[in-house]
Number of protein chains: 2
Amino acid sequence: MKKILITGGAGFIGSHLAKELLEKGYEVTVMDNLFTGNKSNIYGLLDNPRFSFILHDITKPFWGQFDEIYNLACPASPVHYQKNPVETIKTSIMGIINVLELGLKTKAKILHASTSEIYGDPLQHPQKESYWGNVNPIGIRSCYDEGKRASETLCMDYLREYDVDVRIVRIFNTYGPNMHPNDGRVVSNFIMQALKNQDITIYGTGNQTRSFQYIEDLINILIKFMEKEKEELYNQLKILGREKLPIINTGNPREVTITELATKILQLIPESRSKIIFKDLPKDDPKRRKPDITLAKNLFGWEPKIELEEGLKNTIEYFKKTII
Amino acid sequence: MKKILITGGAGFIGSHLAKELLEKGYEVTVMDNLFTGNKSNIYGLLDNPRFSFILHDITKPFWGQFDEIYNLACPASPVHYQKNPVETIKTSIMGIINVLELGLKTKAKILHASTSEIYGDPLQHPQKESYWGNVNPIGIRSCYDEGKRASETLCMDYLREYDVDVRIVRIFNTYGPNMHPNDGRVVSNFIMQALKNQDITIYGTGNQTRSFQYIEDLINILIKFMEKEKEELYNQLKILGREKLPIINTGNPREVTITELATKILQLIPESRSKIIFKDLPKDDPKRRKPDITLAKNLFGWEPKIELEEGLKNTIEYFKKTII
């Protein structure tokens, strides 16, 4: 039976992934320091005999024999990662070093979760995997952005130098149940504000766009990417002009303005008495970001399927339960 | 008496700095793992009672009570840093973490040596300190470029979060005696080739420019930057629109094409029978780079003084001795 480790597995993405992998019949170990992850996300899994939980901080080395490691550990929302920037960048960098060292010693396959934030405030639109990005190295978001960039570099260096089987997925804005209600990101913010009848705060003009991927679509591509046989993956990448660069974007290319999102959420919560208000944009906030997902399409025939309205409905249902 | 630690102090820059600081009457400790540093660079200092040498790799934590730490440890030439990319990025990142932790615990002042490489293949010209750069996160140079970017991020995070007194200097191309004869960079390459009557190899058209700073000018600004009193530095930075961003470029803004450099070196070694030949440009090699040094000028009244011809003469003299 396949043994799988998910670092950050008690977080938003990790908990969905753990559930799905258990359903597929695998043995799943979740490692989390519960800094932003929450045990309530994995309550439903604890009594499954194929499930284990390890309370551990991945900045410290660890050991275990796994076939596959999904490296998802890192605070991912500005509110959380700016709370302790030094710990954030250490989690990204020391975390991936520990995972890569384990992969090197045990031959475990690794899927590393990177982020659209490595593109920073992009000068190319939409962003292809070949785009280098536009990131401030010394700003208040850098602990996350540069930490994730250096993590990608480490992945590629271990791949080239030691032939570690590591793949990188750059995850664009994703939402769904199990999101942290106070993570400060736009979907959870707006829904919570609407449910609590508070003003819905838009930073900037509201014309900046984001692309919102529903969690189910993301889990789908993560597993496809991990399970692809290495030789086949490398062959396909070579044909697609990305030789030995196992890196894909995942996200929903449909662009939505922030104002559109707020309006849609208010429509889905008709009982809300919230109003939309506008505030100043924080420092270094990217104005526009949209994934080019051609590569993931070509490699896996994958594309997002869940419409924004359906995804938002599920998410609103989840948040309603959390605030009862 | 002021106690100073220089990590990477047996390297090209570190050895000049150690000599100068000893001449100023300070107590100087050099730490080096001798991976690219060389003990011959500090032979002349070993019998000075105010000098100590520690053989240590800065990726491992260390302890010591110092007033000032110059963090210069990291292979800096592509030939060296691409030999073991994983170690290179670890040296940058774990190294600065260990230095910053020591600074935090002991209140030592830190000057961190960054590099013009953090600008990558710049889209702005010349490069100001406010420019974010254009760096490939997953290329073969990334171990150095991204390692150095993440190190800057760590410096700024320790500064903002823990008030560590750290200053960052982005060093552009520097040359002079004690350069590694086989470091593969253009000045040492050309001089060695000319002295050995081998073909002088230019990669690309030779029209790409570089700016060459002589080591004496660099040492001068490093010490000025370190010795500036913190409050005064911050006040001046604020006036100059760089509040709490103690980061300066240092380099020689005079642009020289690679062909011009080769020609000048051949003129200074009239006995050489070398010819200039052209080869393909390696991957991700930046086409053009030139420092904007306005900030260093405004803060310290500093600017480079040594002319290229004078600097090259001294360097050629040094290389002549090494190959006897």
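Fair warning: this is a prediction, and the values are worked out from it, not measured in the lab.

### Description of the overall build of chain A
Move 1: Summing up its helical and strand segments, chain A has 10 helices and 13 strands in all.
Move 2: Evaluated residue by residue, chain A yields a buried proportion of 49% over its 324 residues.
Move 3: By sequence separation, contacts in chain A at least 24 residues apart represent 80% of the contacts at least 6 residues apart.

### Focus: the relation of the copies chain A and chain B
Move 1: Take chain A, turn it by 180°, move it 0.0 Å along the axis, and it overlays chain B with an RMSD of 0.0 Å. Interpreted geometrically, this transformation is the action of a two-fold axis.

### Points about helix 7 (residues 230-239) of chain A
Move 1: A small share of helix 7 of chain A lies buried, amounting to zero of its 10 residues.
Move 2: Looking one or two residues past helix 7 of chain A, Gly241 of chain A carries a phi angle of roughly 80°, positive in sign.

### Thoughts on unusual backbone geometry
Move 1: Going from His125 of chain A to Pro126 of chain A, the amide bond is cis rather than trans, its omega being -10°.
Move 2: As for its position among the elements, Pro126 of chain A is in the loop between strand 5 (109-115) and helix 4 (142-162).
Move 3: Although it is not a glycine, Leu34 of chain B sits at a positive phi angle of roughly 60°.
Move 4: Examined against the element boundaries, Leu34 of chain B turns out to sit in the loop between strand 2 (27-32) and strand 3 (51-55).
Move 5: Assessed through the 13 C-beta atoms surrounding it within 10 Å, Leu34 of chain B is described here as partly exposed.
Move 6: For Lys107 of chain B, which is not glycine, the phi dihedral falls at a positive 65°.

### What to know about the sheet that holds strand 11 (residues 247-250) of chain A
Residue and element names in this part refer to chain A.
Move 1: Taken together, seven strands build an open sheet; the order of strands is 3-2-1-4-5-6-11 and the sheet is parallel. The open sheet has two edge strands, strand 3 (51-55) and strand 11, and neither has a second partner. Adjacent strand axes in the sheet meet at a mean angle of 20°, parallel and antiparallel pairs treated alike.
Move 2: In terms of strand pairing, strand 1 (residues 3-7) meets strand 2 (residues 27-32) through five bridges, oriented parallel. Opposite Thr7, over in strand 2, you have Met31 as the bridge partner.
Move 3: Helix 4 rests against strand 5 and strand 6 (166-171) of the sheet, and its axis sits at about 155° to strand 5.

### Digging into the sheet that holds strand 11 (residues 247-250) of chain B
Residue and element names in this part refer to chain B.
Move 1: Spatially, 3-2-1-4-5-6-11 is the arrangement adopted by the seven strands of the open sheet, whose pairing is parallel. Two strands bound the open sheet, and with one partner strand each, they are strand 3 and strand 11. Shown here is a sheet whose adjacent strand axes are inclined to one another by a mean of 20°, direction ignored.
Move 2: Sheet topology places strand 6 (residues 166-171) next to strand 11; four bridges connect them, and they run parallel.

### Comments concerning helix 3 (residues 85-106) of chain A
Residues and elements named next belong to chain A.
Move 1: In this model helix 3 runs 31 Å from its N-terminal to its C-terminal C-alpha over 22 residues, within 8% of the 32 Å that 1.5 Å per residue would give.
Move 2: The largest bend in helix 3 comes to about 25°, at Thr91.
Move 3: Of all the 22 residues making up helix 3, 18 are buried; the element is thus mostly covered by neighbouring parts of the structure.
Move 4: Lys107, located one to two residues past helix 3, shows a positive phi value of around 65°.

### What about the interface of chain A and chain B?
Move 1: Taken together, the contacts link 28 residues of chain A with 28 residues of chain B.
Move 2: Mapped by element, the contributors of at least two residues to the side of chain A that touches chain B are helix 3 and helix 4 of chain A.
Move 3: Class assignment for the residues of the side of chain A that touches chain B results in 16 nonpolar, six polar and six charged.

### Section: the confidence of the model for chain A
Move 1: For chain A, mean pLDDT is 95; residues scoring 70 or higher make up 98% of the total.
Move 2: Interface confidence in the predicted complex, given as ipTM, is 0.92; pTM for the same model is 0.94.

### Quick word on the packing of helix 1 (residues 12-23) of chain B against helix 6 (residues 215-227) of chain B
Residue and element names in this part refer to chain B.
Move 1: At their nearest, the axes of helix 1 and helix 6 sit 10 Å apart, and the two run at 60° to each other. By crossing handedness, the relation of helix 1 to helix 6 is classed as right-handed. Between helix 1, through Ile13, His16, Leu17 and Glu20, and helix 6, the contact on the second element is made entirely by Ile215, Leu218, Ile219, Leu222 and Ile223.
Move 2: Taken together, the residues of the contact of helix 1 with helix 6 break down into seven nonpolar, one polar and one charged.

### Looking at the pairing of strand 1 (residues 3-7) of chain B
Residue and element names in this part refer to chain B.
Move 1: Taken across its five residues, strand 1 has four buried, putting it largely inside the fold.
Move 2: You can see the chain leave strand 1, run along helix 1 and come back into strand 2, and the turn it takes is right-handed.
Move 3: Here strand 1 pairs with strand 4 (residues 68-71) via four bridges, running parallel. Each residue of the ladder has a partner; that of Thr7, found in strand 4, is Asn71.

### Remarks on the environment of Ile110 of chain A
All names here are of chain A.
Move 1: Mapping Ile110 onto the fold places it in strand 5.
Move 2: With 25 C-beta atoms counted inside 10 Å, the residue Ile110 sits in the buried group.
Move 3: Sequence separation between Ile110 and Phe66 is 44 residues; the distance between their C-alpha atoms is 9.9 Å.
Move 4: Among residues more than four places away in sequence, those in contact with Ile110 are Ile69, Asn71, Val99, Leu100, Gly103, Val164, Asp165 and Val166.

Conventions we followed
- Residues numbered from 1 in each chain as written.
- Chains lettered and ligands numbered in written order.
- Predicted model: local features only at pLDDT ≥ 70, side-chain atom pairs only at ≥ 80, totals over all residues.
- Helix = DSSP H or I, 4+ residues; strand = E, 2+ residues; numbered from the N terminus.
- Buried ≥ 20, exposed ≤ 12 C-beta atoms within 10 Å, placed from the backbone.
- Contact = placed C-beta atoms within 7 Å.
- Least-squares fit on C-alpha atoms with pLDDT ≥ 70 in both.
- Pairing = 2+ DSSP bridges.
- Axes fitted to C-alpha atoms, helices over the stretch in contact; angles between N-to-C directions.
- Expected span 1.5 Å × (residues − 1).
- Bend = angle between axes of the 7 residues up to and from the residue.
- Nonpolar A, V, L, I, M, F, W, Y, C, P; charged D, E, K, R; others polar.
- pLDDT = per-residue confidence, 0-100.
- Left-handed = near helix turned anticlockwise from the far one by under 90°.
- Right-handed = clockwise from strand over helix to strand, strands pointing away.

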